[in-house]
Amino acid sequence: MINFKKIPAIDEILVQTKVEKFISLYNREFVVDMVRKAVDELRHELRSIENELEAEVLMQIILQKMEKNILQTSRGTLQKVINGTGVVLHTNLGRAPLGSRAIEYMMEMATNYNNLEMNLEQGERGSRYWHVEDLLVRLTGAEGALVVNNNAAAVMLGLTTLARGREVIVSRGQLVEIGGAFRIPEVMKMSGADLVEVGTTNKTYVTDFAAAINENTALLFAAHTSNYKILGFSEEVPLEDLVKLGKKCDLPVMQDLGSGILYNLCEWGLKEEPTVQDCVSSGADIVTFSGDKLLGGPQAGIIVGKKPYIEAMKKSQLLRALRVDKLTIAALEGTLLEYLEGKPGENIPVIHMLSSSREQLRQKAEDLCQLLEKKLALSDKIEKIAVVELEDMVGGGAYPTYKIPGSGVEIKFKQIQLEKVAAKLRLMNPALLTRKQDDKMLISVRTLLAEDMGILTDMIIKVLNS
Ligand SMILES: *Cc1c(COP(=O)(O)O)cnc(C)c1O
């Protein structure tokens, strides 16, 4: 109780030089709030302290806590993470990091006025949806294109425009849930379309679709089962067959492709995933996909397809609520231009990571291993550092069953728990995420950016010395 009484009064704390310095740097209410928070924290801690503390000591503790809280709060919550997991499109880590052209382009549009909705040729009001349409049409072979907030929005807009108040036929094998509670059946309900399920979980035939068609049917829908695979005794309706049926019955076919790859990665062992171009040339009327998955761009939902449907979506009132901003358009245009120039493997980080050769990855792992050995050689907490072969993943709901051979470094610690080191690395700024195998820490090099190796080495030294 004695300790509680010795806690300095708020007024007394506020006139301390250190507090006054912070008040001159930040909003006064914010600093006062941080002082109160520090006092609360101290009160809480004092409950478990037996020995008596002097008022001056308590003041110093409060000032320290206040400073820590101010610095923590004022740096914001979004922070850089070094991805040592080898999962290229990690949905919890912001999916695709952007390439330099996308960033430069975005910077220029962000810091200046621009022609977002201005037709400069005619000096009249223009449309923001005009900007990337030509590029998308060129790259995918579709007749028209439209970009919205994300792929969930794209699916929603497509369904509501084409099938509100009418029936949409879907295979039971494709009633997908994507992470973050995006469920095809729920999205359908929200769009106002009536879901008609056909087939079974493992087998659906085109005849199942045909049998469900009636005068109320508006759309045939296919979802790419991006985050799972039904193997074994299973049968999906090929898109071509669905298109044939759609043509015969005069019904449009919409494919939710999910990841939407524009660049064929077969050469690097990533087969199976149909490209956007494949879907378009199969005759799908509408194809939707994400901008920040395998495309390697910003968060966006891209819709490509037949002109009349795209035009109908452009007229939808819902579009206003799903629209993209100038920064997204700039980043997307910057990304698509890399595809136009044909060098996505060099200039788009995600494609670069996925098309790295085994030799390149092995070399990168050896470089990291050498760096770590050089700097950590003298530490008594390291038992072993070595280059290892490991398995990476595409992530982002693409290639669910694929493990891609990668390289990395394994570290075995001694005198210190692996979990503790991993947790400390996760709590730093930037944070480092690693993998664990038995009693070893694994760092995959595929997902490390150029500057990450030096930074993470210094982070590990810091943790081991603390
Ligand atoms: C990822 C995914 C979505 C959701 O896309 P967002 O861009 O995250 O909204 C929808 N459908 C499929 C098949 C997906 O893979």
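Here the structure is shown first, and the text comes after it.
The rules we used
As a convention, each chain's residues are numbered from 1 in the sequence order in which they are written. Whole-chain, interface and lining totals are the exception, using all residues; otherwise, since this is a predicted model, local features are given only for residues with pLDDT of at least 70 and side-chain atom pairs are given and counted only at 80 or more. Values shown for side chains rest on all heavy atoms present in the structure; no hydrogens or waters enter the calculation. Put simply, DSSP marks the helices as runs of H or I at least four residues long and the strands as runs of E at least two long, and each gets a number from the N terminus on. Each residue is placed in one exposure class: buried if its accessible area under a 1.4 Å probe, protein chains only, is under 20% of its type's maximum, exposed if it is over 50%, and partly exposed if it falls in between. The Shrake-Rupley method, run with a 1.4 Å probe, gives the accessible areas here. Residue values count only the displayed protein chains as cover. Two residue types count as positive, namely Lys and Arg, and two as negative, namely Asp and Glu; His and chain ends fall outside the count. Just so you know, the charge point we use is NZ for Lys, CZ for Arg, CG for Asp and CD for Glu. The arc in question is traced by the directions running from the helix axis to the C-beta atoms. Any two residues having at least one pair of non-hydrogen atoms within 4.5 Å are treated as being in contact. Points on a 1 Å grid over protein atoms alone make up a cavity when a 1.4 Å probe fits among them but cannot get out, and a pocket when they form an open set with protein on both sides within 12 Å along at least five of seven lines; lining residues each have an atom within 4 Å of a point. Grid points are joined across faces, edges and corners, and a volume is the space filled by probe spheres set on the points. The classification used treats Ala, Val, Leu, Ile, Met, Phe, Trp, Tyr, Cys and Pro as nonpolar, Asp, Glu, Lys and Arg as charged, and all other residues, Gly among them, as polar.

Digging into the overall build of the protein
Then comes step 1: Within the protein, the secondary structure is distributed over 20 helices and 18 strands.
Then comes step 2: Oriented by its inertia axes, the alpha-carbon framework of the protein measures out at about 85 × 50 × 50 Å.
Then comes step 3: Looking at the 466 residues of the protein, the share that counts as buried comes to 48%.
Then comes step 4: Accessible surface, the protein as shown: approximately 23,500 Å² in total, 51% of it carbon and sulfur.
Then comes step 5: The protein carries 56 positive and 62 negative side-chain charges, and their two centres are separated by 3 Å.

Some details on helix H19 (residues 418–426)
Then comes step 1: Buried residues of H19: Leu418, Val421 and Leu425, and no others. The buried residues of H19 occupy an angular sector of 65° when projected down its axis, which confines them to one face.
Then comes step 2: As for H19, its buried residues are in contact with strand S15 (404–413), strand S16 (431–433), strand S17 (435–437), strand S18 (440–444) and helix H20 (452–465).

What to know about empty space enclosed by the protein
Then comes step 1: The final tally for this structure, using the stated rule, is 1 cavity of 30 Å³ or more.
Then comes step 2: In this structure, the largest cavity spans a volume of roughly 40 Å³.
Then comes step 3: Along its surface, the largest cavity is lined by Arg128, Tyr129, Val132, Glu133, Leu136, Ala145, Leu146, Val147, Val324 and Ile329.
Then comes step 4: Of all the secondary-structure elements, those providing two or more residues to the lining of the largest cavity are helix H7 (133–140) and strand S5 (144–148).
Then comes step 5: The leading source of residues in the lining of the largest cavity is S5, at 3 residues.
Then comes step 6: Residues belonging to the lining of the largest cavity are distributed by class as follows: 8 nonpolar, no polar and 2 charged.

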